[in-house]
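One letter stands for each residue in the lines below.
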Amino acid sequence: MPRRFIKRYMPDESKIKAHPHLQWLGNSIHNPNLWHLNRSSVSLAFLVGIFCAFLPIPFQMLVAAVLAILIHSNLPISIGLVWITNPLTMPPIFYSTYKVGAFLLNLPVQETDMALSLEWLESSISHIWWPLLFGSLVCGAILSAASYALVQLLWVWRVNRDWEARRQRRHAKSRRNKKTPAVLRQEKEPTDQ
């Protein structure tokens, strides 16, 4: 089952609930629906986590936690998926979303020399913020919806495959039990070569 696979990589629920930085969430963090692993909670977690990963804002994990609580998705998966955008992947992802936003808004792409300084950010943000935000929201919405649908399909496929394998095993076992003792002895005895 997909549940067993996911559970192997899940953090300990009691440690997360006791974390001092999450106490502001109050009793809502103790809702058991936030910790269940089922098709609905996991696919909703992919929807929340991937959408929040594409938000070009600080504190994406906080937004993911609040959304997970509001729509009852799996909290650890929602927060963990935010790390798709990490310090290594942020530049190419957000540059791509900026280009998508500029294309969709029919704006020219600002090709400037990037300098990691506050002055460069202040001068450039006024030109790029709208295409970046719009492109990030569009890409986040499309990719999160696609991941939601993909998780739903993969979960159903895996459960159906497991049920079919179980049915095959039961069928094989019932055929073995129906054989007569003489046939079973013949199958066990080695044949002369």
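First things first, this report covers the structure right here in the doc. (Residues numbered from 1 in each chain as written. Predicted model: local features only at pLDDT ≥ 70, side-chain atom pairs only at ≥ 80, totals over all residues. Heavy atoms only, no water.)

### Describing the nonpolar core
- Membership of the largest hydrophobic core is limited to nine residues, which are I50, A53, F54, I93, F94, Y98, I128, L132 and C139.
- Mapped onto this core, the elements with two or more residues apiece are α3 (39–53), α6 (90–104) and α7 (118–178).
- Not counting chain neighbours up to four residues away, the residues in contact with I93 comprise F54, I84 and T85. (Core = buried A, V, L, I, M, F, W, Y, C linked by side-chain atoms within 4.5 Å. Buried < 20%, exposed > 50% of the residue type's maximum accessible area, 1.4 Å probe, protein only. Helix = DSSP H or I, 4+ residues; strand = E, 2+ residues; numbered from the N terminus. Contact = heavy atoms within 4.5 Å.)

### With respect to a nonpolar patch on the surface
- Taken together, F59, L62, V66, L70 and I71 make up a surface patch of nonpolar side chains, about 480 Å² in accessible area.
- According to the relative accessible area criterion, I71 is partly exposed, its value standing at 34%. (Patch = residues over 30% accessible without salt bridge, like charges linked within 9 Å, V, L, I, M, F, W, Y side chains within 5 Å. Areas by Shrake-Rupley, 256 points an atom, 1.4 Å probe, with all protein chains shown as cover. Salt bridge = Lys/Arg side-chain N within 4 Å of Asp/Glu carboxyl O.)

### Examining the side chain of T85
- Mapped onto the elements of the fold, T85 is located in the loop between α5 (75–80) and α6.
- Within the structure, T85 has its side chain in polar contact with the backbone oxygen of V82 (distance 3.2 Å).
- What T85 contacts, discounting residues up to four positions off in sequence, is A53, Q60, M90, I93 and F94. (Polar contact = N/O pair within 3.5 Å; in protein donor to acceptor, adjacent residues only side chain to side chain.)

Geometry only, nothing functional implied.
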